[in-house]
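Okay, here's what each chain looks like letter by letter:
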Amino acid sequence: MLALARRRARFNVRHLHTSKTACNSKYTPYDPDAEAREEELVDVCIVGAGPAGLSAAIRLKQLEAETGKEVRVVVLEKGAEVGSHILSGAVIEPSALDALLPDWRQTDHPLAQPVTSSSMRFLTQKYALPLPHPPQMNNKGNYIASLSRVAAWLGGIAEELGAEVYAGFAGARLLLSETDDAQDAQGRAVRSVRGVVTHDAGLTRQRTKSPRFEPGVAFRARATLLAEGAHGSLSKAAIARYDLRAKSAAQTYGLGLKEVWRVAPEKHVPGKVVHTLGWPLGWGTYGGGWEYHMADGLVSVGLVVGLDYKNPWLEPYREFQRMKHHPHFRALLSGLGAERLAYGARTLTEGGLQSLPQLHFPGGALIGCSAGVVNIAKIKGTHNAMRTGMLAAEAAFAALHPSAAFVSTASPATFKPSPAEVEAETESADDHAPVSLAGYSAAFPGSPAYADLWAVRNVRPGFATRAGLAGGVLYAGVDTLLRGRVPWTLGHKSEGNPSTSSPDALATRPAAECAKISYPAFEPPLSTDLMSSVALTGTNHAEGEAVHLRVMRGVDGAAWGETAARRRAHVRANVGAYAGLLQRACPAGVYEYPEGEEEGWEGHKLVINSQNCIHCKLCDIKVPTQDITWSVPEGGGGPKYTTGMLGADIGFATPNGVICSLVRPSVTRIDPRPFKLDSKDKLENCWRPRRFIG
Ligand SMILES: Cc1cc2nc3c(=O)[nH]c(=O)nc-3n(C[C@H](O)[C@H](O)[C@H](O)COP(=O)(O)OP(=O)(O)OC[C@H]3O[C@@H](n4cnc5c(N)ncnc54)[C@H](O)[C@@H]3O)c2cc1C
Ligand code: SF4
């Protein structure tokens, strides 16, 4: 019965969302606050179906099954499918997965490739010198996997357990109580979060309603978990609204650019992990490269560039392309059978423990990389994201059902309700009042995620000193040997109000003070121009939809909104002082400052090709003027890292057994390169759709 009711609820949401009658008038004014919208009452609304959000959903449903106390859990995902916006071709530490799903190894799972070797190299322009391997980078027991596939797999488990997972639904706005009913971190009276509103569809570029307008759904929740990954738009709003950084440093980020290659069979060493430091980045720029040999003859290669880079002439995309010109990568990615299959980019949090905001706010909490839990010394965040999801789920469940007794799997913490809370539960059984997730913040310091971040807290700030890369490597070496057991905690450089200003943007120097960088010509197929790469992301946004990147400041333009004068001021500052940084920094070529007479400054105007946006969030973080706001586009828009069907494996019987090849329907040819079959594979299983990357 319950399952049927849930399925109906799910159907209703979709139905209600899609069956609205179109507006009669062609273009009518739009006021998001005045729109009548369907409302769904849920216990926990989770925004983002990544490792954090899905672990939270799974844990909540496990607790429901254990205790018999119902909890309605909805997960909203802006990608067209779960996993389609998740990029990381990851080395995954399975400790959190072991805690969440102890039997996962006995199931059909996507962590197909255990790490077999792990090393570090320091790159000069010609050489790849071996570096001692820091203890945190030891990948023994870890797995190389496509994180988008892992998310899709976790999404399936969450659904099987009864969570409602809605892909193609972007959380656009926080739903707030009508009056002040809570206190923020500073003790000020504030309105609590009561859920989220999904994106209204069918807005025109002028932000009027087109004939296909459909209002978003209001998911009214007792607990709202923001699991949007790095620099989420609702998370940014919550951090600013509740001043959650009052006691922490601002966040600092890196941009990760990644490609997936099929390499020549003799170059593929399943399970091999290599990390690089040094070239092509200069001594003053933080970052490094990687090479992960996944299953099926695939290799993920990538480069992270710290966004506190100073020189506005730097182009992260071109740094990555020239990294592949290094003899080490050239050898790997050349030869018969080498082919690039996918490209993508996404920011990741680098600030670690010092940059964690207060985790809970009235009515909800930040989990995973919405809070910022990447262990940058390991370049891993998935395990911590999952831990925070589980921990917040347990705190939410304990707050929703104070009388339920359960054992925490996320932390040694116990969520023991006070007698008053138990009484309140009985009294307000039908009430849909928001609950406090303070228990999550209180339990976090006792969790393995905290210990993981504490041990490396000084590594990233160690690279941001005047000694640059050399000083950072030296300091990190000593610090990691001591596993962080030093009596100090280094801070991140930060100026201004950390709630609103980005230290990465502030680090940028005027173009006139920096040397221009001359990049080598592309050498296709090893390195290609940007648009050829963007074409591989499968990015799409609804035609004519409202631009989701706007020149405005403050959450939803709270400080000021977009006007022609503001756009002119943006062009003046960004072209005048920073040589149009965004047209080089955006990894999807969204920004241009071409010569134009309208709205221009000294012959330049701003063009935002928002349809190309791959949702990496760099522009919102790095623009020196801090006047670009990324907001969610219509649900389902954006990259399709997993949905692009790149081909299919087809099997042939040969005198020597069975071989499989990759058929690529787009070019209707059979690729003759064989790849190894698992001994368990059968010929009849060989024909299967090929979906990756992530
Ligand atoms: C290039 C790169 C390489 C990395 N390598 C590794 C690695 O090797 N190992 C490792 O452990 N970690 C790695 N990480 C870090 C890892 O990807 C993150 O720590 C992890 O994905 C965080 O999980 P999350 O669930 O918090 O966020 P995410 O995985 O980012 O998931 C967030 C989800 O929320 C969705 N979303 C966002 N906003 C909204 C909204 N408003 N409405 C609806 N949906 C929304 C997104 O589409 C996405 O699906 C890497 C990161 C990058 C960028
Ligand atoms: S427009 Fe912004 S968020 Fe979109 S791809 Fe470019 S830098 Fe990333």
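Residues numbered from 1 in each chain as written. Chains lettered and ligands numbered in written order. Predicted model: local features only at pLDDT ≥ 70, side-chain atom pairs only at ≥ 80, totals over all residues.

1. Some thoughts on helix α2 (residues 51-67)
For an α-helix, 3.6 residues make a turn, and residues three or four places apart therefore share a direction. Over its 17 residues, α2 extends 24 Å from the first C-alpha to the last, a length consistent with the 24 Å expected when each residue adds 1.5 Å. A large share of α2 lies buried, amounting to 13 of its 17 residues. In the stretch just after α2, G68 is the one whose phi turns positive, near 75°. (Helix = DSSP H or I, 4+ residues; strand = E, 2+ residues; numbered from the N terminus. Expected span 1.5 Å × (residues − 1). Buried ≥ 20, exposed ≤ 12 C-beta atoms within 10 Å, placed from the backbone.)

2. A few points about unusual backbone geometry
For the bond running from W279 to P280, omega is 10°, close enough to zero to count as cis. Relative to the elements of secondary structure, P280 occurs in the loop between β17 (272-278) and β18 (287-293). Phi is positive for D296, which is not a glycine, with a value near 60°. Within the element layout of this structure, D296 appears in the loop between β18 and β19 (298-306). By C-beta crowding, D296 is classed as partly exposed, having 17 other C-beta atoms within 10 Å. At I379, a residue that is not glycine, the phi angle is positive and equals roughly 50°. On the secondary structure map, I379 appears in the loop between β22 (364-366) and α8 (382-400). For I379, a count of 21 C-beta atoms within 10 Å puts it in the buried group.

3. Topic: the confidence of the model for the protein
Confidence in the prediction for the protein averages 84 pLDDT; 83% of positions are at 70 or higher. Contacts of residues 496-500 to residues separated by more than four positions or lying in other chains number nine contacts, the stretch itself having pLDDT below 50. The low-confidence segment residues 643-694, where pLDDT is below 50, has 90 contacts with residues more than four positions distant or belonging to other chains. (pLDDT = per-residue confidence, 0-100. Contact = placed C-beta atoms within 7 Å.)

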